[in-house]
Amino acid sequence: MNIVIVGQGAIGLLCYAHISQVTAKQTSLLSSANQHENTNFTFTDHHNHEHNFAINNAEVNELKQADVIVYCVKSYQVCQAVKETQPFLKANALMVLAHNGMGCVEELASKVDLNITQPLLAMLMTHGSKKLSSSHIEHTGVGVIDIGLVDIDLAERGTLATSQAENRVQQLLSILTSAMPPVHWHNNIQQKQWLKLAVNCVINPITAINNIDNGQVNSAQYKPLIEKVMTEVVTVAKSVGVLLKFDELITTVLTVADATAKNCSSMRADVLANKTTEIDYINGYIHNLGKQNGIATPENTQLWQTVKALEALSH
Ligand code: PAF
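Residues numbered from 1 in each chain as written. Predicted model: local features only at pLDDT ≥ 70, side-chain atom pairs only at ≥ 80, totals over all residues. Heavy atoms only, no water.

Looking at this structure, I do not really get unusual backbone geometry. What am I missing?
If a residue is not glycine, its phi is most likely negative; likewise, a peptide bond is most likely trans. Between P181 and P182 the backbone carries a cis peptide bond, its omega angle lying at -5 degrees. As for its position among the elements, P182 is in the loop between α5 (154-179) and β11 (183-185). Despite not being glycine, N48 shows a phi value in the positive range, around 70 degrees. Mapped onto the fold, N48 is located in the loop between β3 (40-44) and β4 (50-54). For N274, which is not glycine, the phi torsion reads 55 degrees and is therefore positive. (Helix = DSSP H or I, 4+ residues; strand = E, 2+ residues; numbered from the N terminus.)

Here it is as structure tokens:
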């Protein structure tokens, strides 16, 4: 399979480092807007060994030949990245979205003329990756990959894409499994997306606003806030037919904060680097969906606005 990875951020380079090892010549990397385009980079693996990688930079030709394109860009860059690349892709290319937050698929459906034969997949990763410089990343934590088809129009697109794409999806799964195990396929990836969203609704804004490591989110002072945020997430999810268990969410947040205790969350890293955050697609998503469905989400709204204010200060 020819694979193009879009994005030279911590996750894009992590995927490139692993996937290019199992599909050497067929994997290429495209930088996203305003990104420094590397010709090589250093990868420190989770055993602390350093590897140097030459980058096969993707051009139009690689896009035209791609069987799979993996968008490892921030949620607010997804639409633009898809708009710029999709016209070159094969009619049956698999499009894989790997970003934090939710709302991109709805945005794509309204802004991009998506081809029904190009299945859209969501890839959720819990791997930790840290950018030490623009050309050096470190694999800070081994995680898992959850992947599945996302449905814009479940009835039409979902079934059509699934039946036609089954072979290609199987091939992709086998590449990913050799490159970055374990990989779990989900017929209902939406449930997993919501679980990840819930974790991000708590860890990301709390660490960014208070400038703390992930582990500190577990201290007693944040417990009431975490519970209120989660209650809102459960209610909003329910209004769109997604059933989440409050206790499971709380346990998941505590476990993730513990497992990544020394990590700097992506949102805190963005705030510290004066970059745009993904808050609109995390707590902002809950706020907007709540509003659409007549549900007040005061805690998520407050976190969303506080992070927006931090962003405004830095811009
Ligand atoms: O955005 C992040 O940093 C991560 O998704 C998470 C789970 C909060 C861990 O750092």
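What is the right way to read the pattern of salt bridges from this model?
Close approach of charged atoms allows side chains with opposite charge to pair. Using the criterion set out here, one finds eight salt bridges in the structure. We note a salt bridge from D67 to K90, for which the minimum N-O separation is 2.6 Å. On the criterion of sequence distance, the pair formed by D67 in the loop between α2 (60-65) and β5 (68-71) and K90 in the loop between α3 (78-85) and β6 (94-97) is long-range, its members being 23 residues apart. Exposure remark for D67: the relative accessible area of 17% places this residue in the buried category. Relative accessible area serves as the criterion here: at 29%, K90 is assigned to the partly exposed category. (Salt bridge = Lys/Arg side-chain N within 4 Å of Asp/Glu carboxyl O. Buried < 20%, exposed > 50% of the residue type's maximum accessible area, 1.4 Å probe, protein only.)

Would you take a moment to explain the site of the ligand for this structure?
Residues in contact with the ligand, as listed here, are N100, K196, N200, I203, N204, N214, V256, S265 and S266. N204 has a polar side-chain atom sitting 3.1 Å from an oxygen atom of the ligand. Compared with its free state, where it exposes 280 Å², the ligand has 81% of that area covered by protein. Top element by residues in the shell around the ligand is helix α6 (residues 189-210). It accounts for four residues. Tallied by class, residues from the shell around the ligand come to two nonpolar, six polar and one charged. (Near = heavy atom within 4 Å. Polar contact = N/O pair within 3.5 Å; in protein donor to acceptor, adjacent residues only side chain to side chain. Areas by Shrake-Rupley, 256 points an atom, 1.4 Å probe, with all protein chains shown as cover. Nonpolar A, V, L, I, M, F, W, Y, C, P; charged D, E, K, R; others polar.)

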